[in-house]
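# Observations on the model geometry
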Amino acid sequence: MRGLIPWVKWAFLGIALGVIPTVFLEGVRLLVEEPLSWTGLAIRWAFVSSILLLAGLARPYSIGRAQYMWPVLPGIGIGGVVAGVLYARDGWMWAAWLLLGTIYVLVLGLDSILAGSRNPLRRWIWRTALALTGGVIPVALSQWESRFADEEFFVALEALSLAVLWLLLWGMHSLHIRSSGLYLRRGIRTDRRYVGLAFCLAAFAVLGGTVWAYRHSFYPPQAPVYPGISGQSPFLCGSGTSDPQVYNGEEVFRRILDRVAANPRKGPPEYGMLALGTGEPHWAEAFRDALLQEAAEGRYTGPAHSVKSVQLEAALRVYYFWRVRDRFPDLFSEADVSRLRDWFAAINHRALTVEWVDLMYALAFSKWPEGPYENQENGAGLLALLETTDLADPDLSAANRAYLARNRRGWTARFRATDDAVVYQPVWIYNAYFQSLYTGETIGDNARRSFEWSLLQALPDGAPLRYNHPGSASLAGVAYFGATLFRDPRFIWLAGQAVTELERQGKYLSAQPGVEQPVLLEGRSPSEGSCLIYGDSGLPNQTGPLAPDKIVFRDGWGEWSKYLLVNLRFTGWHRYKATNTVSLFYWDGPLAAEKLDGEPFRWLPVGRSLFRDKRVPRENLNGLVVEKTGMAAVLYTLTGIGGRWAQDPPYYAEVLAFETGTEKDWAHIRLTGWRGWRHDRWIHFYHNGGPVIIVDEARGPAGSGAALVWHLIGAGPATSERIKLQNGNNPVEFLLLPLDSDGRVAAGGEPGKSNTRVIYHALPRGHFRTATLFLPGDWAGAEVKVGPDGQSLWVAQREKSIILRLGTE
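The present account deals with the structure reproduced in this document.

On a plain count of helices and strands, the protein chain comes out with 21 helices and 28 strands. Computed over C-alpha atoms, the radius of gyration of the protein chain comes to 30 Å, within 12% of the 28 Å expected from 2.2 N^0.38 for 809 residues, which places it in the range of a compact globule. C-alpha atoms of the protein chain, sized along the principal axes, occupy 100 × 80 × 45 Å. Long-range pairs, those at least 24 residues apart, make up 70% of the contacts in the protein chain between residues at least 6 apart in sequence. Within the structure as shown, the protein chain displays about 32700 Å² of accessible surface, and the carbon and sulfur contribution to it stands at 57%. Across the protein chain, the centroid of the 81 positively charged side chains sits 11 Å from that of the 77 negatively charged ones.

Looking now at the sheet that holds strand β1 (residues 61–64). Taken together, 3 strands build an open sheet; the order of strands is β1-β2-β3 and the sheet is antiparallel. With partners counted over all chains shown, the strands left at the sheet margins are β1 and β3 (187–191), one partner each. Averaged over all neighbouring strand pairs, the angle between strand axes comes to 35°, with direction disregarded. Both β1 and strand β2 (residues 67–71) contribute to a ladder of 3 bridges, which runs antiparallel. Within the sheet, the bridge partner assigned to Y61 lies in β2 and is M69. Where helix α5 (residues 93–114) meets the sheet, its contacts fall on β2 and β3, and the angle it forms with β2 comes to roughly 155°.

Attention shifts here to the state of the cysteines. Think of a disulfide as a covalent bridge from one cysteine sulfur atom to another cysteine sulfur atom. With the rule as written, the count across this model stands at 1 disulfide. Covalent S-S linkage joins C237 and C531, the inter-sulfur distance amounting to 2.0 Å. In this structure, the disulfide formed by C237 and C531 twists by about 115° around the S-S bond and is classed as right-handed. On the criterion of sequence distance, the pair formed by C237 in strand β4 (residues 235–239) and C531 in strand β7 (residues 528–535) is long-range, its members being 294 residues apart. Overall, C237 belongs to the partly exposed group, its relative accessible area being 30%. The exposure class of C531 is buried, given its relative accessible area of 0%.

Time to look at the environment of K724. Counting through the fold element by element, K724 comes out in strand β21 (residues 722–725). Spatially, the C-alpha atom of K724 lies 10.0 Å from that of P776, the residues being 52 residues apart in sequence.

All right, on to the side chain of E697 then. Positionally, E697 belongs in strand β18 (residues 692–699). The exposure class assigned to E697 is buried, which follows from its relative accessible area of 14%. Within polar-contact distance, the side chain of E697 engages the side chain of R699 at 3.1 Å. For E697, the side chain forms a polar contact with the side chain of H767, separated by 2.9 Å.

What follows covers helix α19 (residues 476–486). Among the 11 residues of α19, 9 are classified as buried, and the element is accordingly described as predominantly covered. By the burial criterion, the buried members of α19 are A476, G477, V478, A479, Y480, F481, G482, A483 and F486. Positioned one or two residues after α19, R487 has a phi angle of 50°, which is positive.

Strand order in the open sheet formed by 3 strands is β26-β27-β28, and the pairing between neighbours is antiparallel. Of all strands in the sheet, those with a lone pairing partner are β26 (783–786) and β28 (800–805), marking the two edges. Across the sheet, the axes of successive neighbouring strands diverge by a mean angle of 10°, strand direction being ignored. For β26 and strand β27 (residues 792–797), the ladder comprises 4 bridges, and the chain directions are antiparallel. Residue pairing across strands places V786 opposite L793, the latter belonging to β27.

Rules used in this analysis
Residues numbered from 1 in each chain as written. Predicted model: local features only at pLDDT ≥ 70, side-chain atom pairs only at ≥ 80, totals over all residues. Heavy atoms only, no water. Helix = DSSP H or I, 4+ residues; strand = E, 2+ residues; numbered from the N terminus. Rg over C-alpha atoms; globule rule 2.2 N^0.38 Å. Contact = heavy atoms within 4.5 Å. Areas by Shrake-Rupley, 256 points an atom, 1.4 Å probe, with all protein chains shown as cover. Lys, Arg positive; Asp, Glu negative; His and termini not counted. Charge placed at Lys NZ, Arg CZ, Asp CG, Glu CD. Pairing = 2+ DSSP bridges. Axes fitted to C-alpha atoms, helices over the stretch in contact; angles between N-to-C directions. Disulfide = S-S within 2.5 Å. Buried < 20%, exposed > 50% of the residue type's maximum accessible area, 1.4 Å probe, protein only. Polar contact = N/O pair within 3.5 Å; in protein donor to acceptor, adjacent residues only side chain to side chain.

Below you can see the structure in the form of structure tokens.
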């Protein structure tokens, strides 16, 4: 009995020392605003204490020069391998806990061997490497598991916090083993030199594998197909009701110029556009003065840091100098031209200069670092214009042309920007246009599709659309540019609608390249109805497959037409977690939309600080959320970083059916393979003032949590389970109806705002089914109930009624 007392004291000391790392973890969770959970606290303390106890038992000890005995190493290794196999195969959380614990015990043991040198510098080099190992490997496993769906800087923060955790574990482990001579004696003989070599090889293998997996995480090589969709016909549309409004192309052009003139932040591009559009000398003089002022300041010639999109701003200066000088040949003196040529040469040099942010893009895009900015092809657009206008630095012209020859992009390669935010498409179109000026190639089908892609998503009243970005951009300018290129009356009409909305809101426009003279054409409304839209995928320098992109449901193009937008993808560089979510429901204004108004992350580099892309959490969107599993769940339990909901939806949702008709349009969309969950979504979009009914059914592992989230705008008071959406004189009711007996609906708003988040919390039994109804106009207040067979939904209002079979059409 006496022999057990030292071991009991030793165990109690290990448990007590586990308090300090546990307190650190609680501090991290407090910083990320995770609530205190006593159960979670107990789990973290037990995990940390177990590591200290096992590492203390299995600590290697020296038996001679560079020779060590490592107790129970085979048992730890075999346990870790078994846990790793089960974790990789099934994603079991308990296996992830065991694997992570094994990693920490092994790395603490490695410290005794590798950091046992008497040289302090060498000792701390090894210890730092081991701490980074303790931080990076768990996070790398979590990112492999989630296909690198998390923001890179957040991942680095989590790895840093785990590295600090390992250092605290090492400190407590050192105190523990110094306080007692108790440890196991038998083990495996090891040699420090071979252990160090094996560690370095393993570290390089893990690093190489992580980089390879990261580079292949932005899009898959294959995408779901749909009958009737092809590269030559990527849009499948029904017929909609046209708007009787007709616009005069010349009048729309004048109104666009007025909106540019109203811009309080006019710069050289705006003055240049006004000079070209009006022919008035005073705008040309303003352009000259503003351009020479920027040249004197050396704009766009200094380090760009994390914001290389300034290359587009530089390209606009090149473009308008070229066009205005041609229109007003006596505007610039020879001295002016010489000064501006020197400035453009300096801009050229800066564009080819590699900066730190280019290393990040090179890592992601599997390329050697280069200065031209890849996103939206801004760098290619700038270099193409410099060469087209003969304003490039003569010493750099060969490098410019070599880059453009290696990177034939624009309309030659695709019709859609690979970034999933609608505001990027006009930017990409302008850069595609600049590249076409350089190549001289005929503007063909891809160019037309690039404008149609925006047209088919346009809101019926001309308001700017937004998703995955806190900002929005009017389509007035880019639509008119499309009319200039293709003489298409639909684009004149869209430009007219958009500029009318700008005038209504008192907003203005920035410069629009290519919009320099009126198009003498009568603008008429599009006739396309609801559309299934496929689009290009990949990265700026890589071409991916044609892939599901969006579904647009619409009644027509009248100002009071209903509109619903569904996102089908999570791919690209600027991507967000929107697979199988409703981006927007719109009827005379937004009624349900993504929550994109988060504060910028000011501690991040400026180019990464906006609330967009992977920084937008899945729960801010309108769709299914599921709980984290595997290593992601383990790390969330430890640090609280990233929240409880998984942030890695599949790349694409598959469209199983899409049909349009006179009574309604409908689609069946399926998301599969998300941590064991399958989500089927049926959308029934009734015309002629009818409702929108969305049926969701999700199946997943029993015991795993899931929920359905909606973000409503302008929500008024709730009556029973119904929420009235304030929409002027047009009432719309929202109803989320559970179709099974389980689950709970909760609604809550933000203080001082009329926005409401509605969540259906499913019980953890692996299945739920709901119906979401938007009841507009005369349908508000309709009786809604499940049919007696349990497989139909009945909606009745006065003499009108709908009987909808659930799960089928």
